[in-house]
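Summary of structural features
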Amino acid sequence: MSLHLYDYVLSGNCYKVRLFLALLNQHCDVTAVDFFPGEAHLSPTFLEINPAGTLPVLTDGDLTLCDSAAILVYLAQKYDNSGTWHPSTDAATSAWIQFWLAFASKLSDTVGQARLHDMLNLPCDIDATRTAGHRALRELESHLSEQGFRGHRFLIGDTPTIADIACFPYAALAPDGGIEHDDYPAVRRWLVDIRRLPRFIEMPGIHRLHDQADDPTP
Amino acid sequence: MNTAADITSWLPVALSDGLPDGGVMRVQTAGHDLALWRAHDHSVHCVDNRCPHRGMRLSFGFVRGNRLNCIYHGWQYGETGACAYIPAHPELTPPESLCVPTLPCVDHGGRVWITLDPDATALPAMPAHPGLRSVAVNVSQDRIQAALGSGALPSTTHPQRGCSARVLDTSAFDCRIALDVATGDTATLVVSIQSVSAERSQLHTQLTAAASVELKVAASRWLDALRDHLEATA
Ligand SMILES: N[C@@H](CCC(=O)N[C@@H](CS)C(=O)NCC(=O)O)C(=O)O
Ligand code: FES
């Protein structure tokens, strides 16, 4: 039995899974699906795997999971030996994880939508979409400011969880949709803290921290 | 505020706590696009947000030691703005003409200030209170000042976190607001307003005394309410 990911490199939802696998140091076979321009996610063979025609899809033996949040929950419960990525020690913590997984969908529907508009010309009311995106980032900003008062760097406590992984990609990619990070200092600090995690990987538009790389200056 | 041009030419552009060693951030004010950065010797610097090489925003760059590095081709700028190193030409000592324009920039009173006036007199002494947070508001600085001046501040009503607020005083640099929290606690908030553009500002806020998490959360929620109030009435 082995893990298999159907993946598209520019998809923030797929990157959530790639990033989490990397952070867990968990091997996974990957099939690249030509989402754009090939529309391979709508091909009959792919629809046999996921009738909804969305990416990412993760299979593990007989199990097929078709939603990034569901995949993060599964990977955390099955492959995270530390038990810290999906803490379910108490009712409130479990509920907060669910809250942020749902919030991640709000980010992809707003900030992520603006990015699809700008990158792939997806039609939408771009002003309304950007306004909704800024509203979502304000929510994130207020929460992360309050976490800072508690001495907590992440969405839930001072260690990263799948809530952070779910919210990170579209928050980080916001400038690709014309939504700058300038107004969100606590969000910027959090984005840096996630990029600082050991085994962090990049995607197009989200870079590792260069100040950590070897200095080429003689 | 903003009457005596000689002293108020200093603009608060960040909280000191908001710009850690090695940090870089973008600052916009009065049509200027700037990059603010802090070297590992803790000094703060402000440069034009355009790399002299190919125009990349230097606010996308990163700091190593006491140099700001452009993300694009790695040109490195020292604290004077002079280009110190070009990775593609490691043997070359960059000519003095290769430099990025800088603005006077100081870390003072818990805030980072810049000025567009090279002859600005030094800022007077002011207390370095710990930063609370910086809040963006889509309202002009003038309208925010008028709203604070009118004294008509919003209240929040939560049974524990609710705050009523009144302006204590305003100076050329900031405005002090007393918050009375539902729990009976009180706090004094120092609000420094930075103009970003004709429609946008930043409020850089500090609390004058050490405060509990609950008190900081109450003040922070009140700032969200203040922002919403300012945007709704602008
Ligand atoms: N809720 C799903 C949404 C996934 C999703 O919408 N993926 C996009 C690519 S980022 C997609 O496959 N869109 C194709 C479509 O909706 O037709 C998840 O989080 O995995
Ligand atoms: S644009 Fe900055 S180094 Fe080339």
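As the structure is a prediction and not an experimental result, all values here were calculated from the model.

Digging into the packing of helix H5 (residues 126-149) of chain A against helix H7 (residues 185-195) of chain A
Packed helices, taken two at a time, are described by the angle their axes make and the gap between the axes. Residue and element names in this part refer to chain A. The contact between H5 and H7 brings their axes to 7 Å, and the two run at 75°. Judged on the interaxial angle alone, H7 and H5 are roughly perpendicular. Every residue of H7 that contacts H5 at Leu137, Leu140, Glu141, Leu144 and Ser145 is listed here: Pro185, Ala186, Val187 and Trp190. Of the residues belonging to the contact of H5 with H7, the class tally is seven nonpolar, one polar and one charged.

Details of the interface of chain A and chain B
Listed as interface residues are 20 residues of chain A and, on the opposing side, 27 residues of chain B. A combined buried area of about 2,100 Å² lies between chain A and chain B, and 45% of that area is made up of carbon and sulfur atoms. In terms of surface lost to chain B, no three residues of chain A exceed Arg138, Phe149 and Asp183 of chain A, which account for 33% of the buried area on that side. A salt bridge links Asp183 of chain A to Arg200 of chain B, with the shortest nitrogen-to-oxygen separation between them at 2.9 Å.

What to know about the domain arrangement of chain B
Residues and elements named next belong to chain B. Taken domain by domain, chain B consists of domain 1 (4-115) and domain 2 (131-233). Each of domain 1 and domain 2 has a C-alpha centre, and the two are 29 Å apart. The interface is formed by 15 residues belonging to domain 1 together with 17 residues belonging to domain 2. Sorting the residues of domain 1 by area buried against domain 2 places Pro12, Leu15 and Arg111 first, and these three jointly supply 43% of that buried surface.

Some thoughts on the pattern of salt bridges
Under the criterion given, the structure shown has 20 salt bridges over all chains. Note that Lys106 of chain A and Glu139 of chain A form a salt bridge whose closest N and O atoms lie 3.0 Å from each other. Of the two residues, Lys106 of chain A sits in helix H4 (residues 91-120) while Glu139 of chain A sits in helix H5, which places them 33 residues apart along the sequence. Residue class for Lys106 of chain A comes out partly exposed when judged on its relative accessible area of 36%. A salt bridge links Asp180 of chain B to Arg166 of chain B; the shortest N-O distance between them is 3.9 Å. With Asp180 of chain B in strand E14 (residues 175-181) and Arg166 of chain B in strand E13 (residues 163-170), this residue pair connects regions lying 14 residues apart in the sequence. For Arg166 of chain B, a relative accessible area of 45% translates into the label partly exposed. Three or more residues joined by partner-sharing salt bridges are found here, namely Arg133, Asp224, Arg227 and Asp228 of chain B.

Thoughts on the packing of aromatic side chains
The description of two aromatic rings rests on the distance between their centres and on the angle between their planes. Residues and elements named next belong to chain A. Enumeration according to the criterion identifies twelve aromatic pairs over all chains in this entry. When the centroid spacing of 6.4 Å and the interplanar angle of 75° are considered together, the rings of Tyr74 and Tyr79 count as edge-to-face. By relative accessible area, Tyr74 is classed as buried at 19%. A centroid spacing of 5.9 Å and a plane angle of 85° characterise the contact between Phe168 and Phe200, whose relative ring orientation is edge-to-face. Note that Phe168 is positioned in helix H6 (residues 162-172) and Phe200 in the segment after H7, a separation of 32 residues in sequence.

A short note on the domain arrangement of chain A
All names here are of chain A. The domains assigned to chain A are domain 1 (3-79) and domain 2 (91-197). Each of domain 1 and domain 2 has a C-alpha centre, and the two are 21 Å apart. Tallying the contact residues gives 14 residues for domain 1 and 13 residues for domain 2. Each partner contributes to the roughly 1,200 Å² buried at the junction of domain 1 and domain 2, and carbon and sulfur atoms together form 80% of this total. Connecting domain 1 to domain 2 are zero salt bridges. Taken together, the links from domain 1 to domain 2 amount to four residue pairs in polar contact (both at pLDDT 80 or more). For the side of domain 1 that touches domain 2, the elements supplying multiple residues, two or more each, are helix H1 (12-24) and helix H3 (68-79).

Examining the side chain of Asp80 of chain A
Residue and element names in this part refer to chain A. Along the chain, the position of Asp80 falls in the loop between H3 and H4. From its side chain, Asp80 meets the backbone nitrogen of Gly83 in a polar contact 3.1 Å long. A distance of 3.1 Å separates a polar atom in the side chain of Asp80 from the backbone nitrogen of Thr84. Apart from the residues lying within four places of it in its own chain, the contact partners of Asp80 are Leu24, Leu75, Trp85 and His86.

The rules behind each value
- Residues numbered from 1 in each chain as written.
- Chains lettered and ligands numbered in written order.
- Predicted model: local features only at pLDDT ≥ 70, side-chain atom pairs only at ≥ 80, totals over all residues.
- Heavy atoms only, no water.
- Axes fitted to C-alpha atoms, helices over the stretch in contact; angles between N-to-C directions.
- Helix = DSSP H or I, 4+ residues; strand = E, 2+ residues; numbered from the N terminus.
- Parallel < 35°, antiparallel > 145°, perpendicular 65-115°, else oblique.
- Contact = heavy atoms within 4.5 Å.
- Nonpolar A, V, L, I, M, F, W, Y, C, P; charged D, E, K, R; others polar.
- Buried area = accessible area lost by both parts, 1.4 Å probe.
- Salt bridge = Lys/Arg side-chain N within 4 Å of Asp/Glu carboxyl O.
- Domains from an automatic or database assignment.
- Buried < 20%, exposed > 50% of the residue type's maximum accessible area, 1.4 Å probe, protein only.
- Phe/Tyr/Trp six-rings, centres within 6.5 Å; stacked < 30°, edge-to-face > 60°.
- Polar contact = N/O pair within 3.5 Å; in protein donor to acceptor, adjacent residues only side chain to side chain.

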